[in-house]
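# Chain and residue survey
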Amino acid sequence: MNTLIALVLGAVVLVLWVSKAFEHEIQITKERDPAAKSTLEILLLYPGLHAVIWHRLAHFLWKKNVPFFPRFISQIARFFTGIEIHPGAQIGKGLFIDHGMGVVIGETAIVGNDVVLFQGVTLGGTGKETGKRHPTLGDNIVVGAGAKVLGNIEIGPNSYIGANAVVLKNVPSNTTVVGVPGRVTRQEGRKIDILMDHVHVLDPVSQNLRDFHQRIMKLEQKAQISVRDENLDEPDIAA
Ligand SMILES: CC(C)(COP(=O)(O)OP(=O)(O)OC[C@H]1O[C@@H](n2cnc3c(N)ncnc32)[C@H](O)[C@@H]1OP(=O)(O)O)[C@@H](O)C(=O)NCCC(=O)NCCS
């Protein structure tokens, strides 16, 4: 009987401590997820929060150069939550991972404050870089379901990465990026449509069409100038 009481008391103390230590994360979850009903529900049923809690412990041990256990904790967390965060990743305050399954965050990734990641997001490497090879996300960024942000690139604060986008280039702040490869559709609140990746996206046919268009415009300008010159040469009949 005494053991049972001690266990219940221990569980209550643990819940209270975690809810205090992760107050900001719980608050952000309530703000970002209309389905989140209570603190207790978030504490017990949100795998994103569980993954962040496990990661804090793993990252602490990683920084102390403890061998094996940081990765071990990260794999335990992955088993229970479906979210794999490498212990080396630097995660800011208020990370909210919604649904979570399939999220992967690489070793040298840096995630700012109040970032939202949906299921299936990868903050990964391209496989071609060494050293810092994962992305850096600023504050207050949302990465949509299934999006892949790859390489040592920077995503500016307040940006939105659309669902299933593949982002390989730096993204400025206050920008929405969608598609494969990522293209900017909105910047500073204005709707625009600029291809981000000029090297890989432009195809020769569209490039030729663009050249033709420019040549036609130049010819039109020349034609207008010569018509205007002809009009100047003509005698003024009215006079
Ligand atoms: C990117 C997103 C935020 C929309 O941003 P927005 O600036 O409001 O974009 P708009 O709706 O004005 O769309 C702009 C263009 O991008 C296209 N677009 C929008 N989202 C897209 C996406 N994820 N992938 C590809 N194209 C997309 C639109 O069709 C539109 O194209 P058009 O200009 O040719 O018509 C949203 O579509 C998105 O992807 N959200 C992620 C949500 C998510 O992951 N939820 C998970 C819930 S479990």
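Our structure's up above, just so we're on the same page.
Not measured: the values here are computed from a predicted model.

Here the focus is the sheet that holds strand β11 (residues 154–155). Reading across from one edge, β2-β5-β8-β11 is the order of the four strands in this open sheet, with parallel pairing throughout. Across the chains shown, the open sheet's two edge strands, defined by having one partner strand only, are β2 (90–91) and β11.

Let's shift gears to the sheet that holds strand β10 (residues 148–150). The strand order β1-β4-β7-β10-β13 describes an open sheet built from five strands, whose pairing is parallel. Only two strands of the sheet have a single neighbouring strand rather than two, namely β1 (84–85) and β13 (166–167). Pairing of strand β4 (residues 104–105) with strand β7 (residues 122–124) involves two bridges; the strand directions are parallel. Counterpart to V104 in the pairing with β7 is T122.

In the neighbourhood of the ligand, 13 residues make up the surrounding shell, with G144, A145, G162, A163 and V178 lying closest. Across the shell around the ligand, the residue classes tally to five nonpolar, seven polar and one charged.

In the sheet, strand β14 (residues 175–178) pairs with strand β15 (residues 183–187) via four bridges, with the strands oriented antiparallel. Opposite T176, over in β15, you have R186 as the bridge partner.

Looking now at the environment of V149. Within the secondary structure, V149 is located in strand β10. Considered as a pair, V149 and A165 are 16 residues apart in the sequence and their alpha carbons are 8.0 Å apart. Among all residues touching V149, those that are not within four sequence positions of it are L123, P135, V143, I155, I161 and V167.

Below, the discussion takes up the packing of helix α4 (residues 47–63) against helix α5 (residues 69–81). Think of two packed helices as two axes; the pair is described by the angle between the axes and how far apart they sit. For the pair α4 and α5, the least separation of the axes is 8 Å and the interaxial angle reads 175 degrees. Judged by the inter-axis angle, α4 sits roughly antiparallel to α5. Contact with α4, carried on its side by P47, H50, A51, W54, H55, L57, A58, L61 and W62, involves F69, P70, I73, S74, I76, A77, F80 and T81 of α5 and no other residues of that element. The class makeup of the residues in the contact of α4 with α5 is 13 nonpolar, four polar and no charged.

Rules and cut-offs
- Residues numbered from 1 in each chain as written.
- Predicted model: local features only at pLDDT ≥ 70, side-chain atom pairs only at ≥ 80, totals over all residues.
- Pairing = 2+ DSSP bridges.
- Helix = DSSP H or I, 4+ residues; strand = E, 2+ residues; numbered from the N terminus.
- Near = placed C-beta within 6 Å.
- Nonpolar A, V, L, I, M, F, W, Y, C, P; charged D, E, K, R; others polar.
- Contact = placed C-beta atoms within 7 Å.
- Axes fitted to C-alpha atoms, helices over the stretch in contact; angles between N-to-C directions.
- Parallel < 35°, antiparallel > 145°, perpendicular 65-115°, else oblique.

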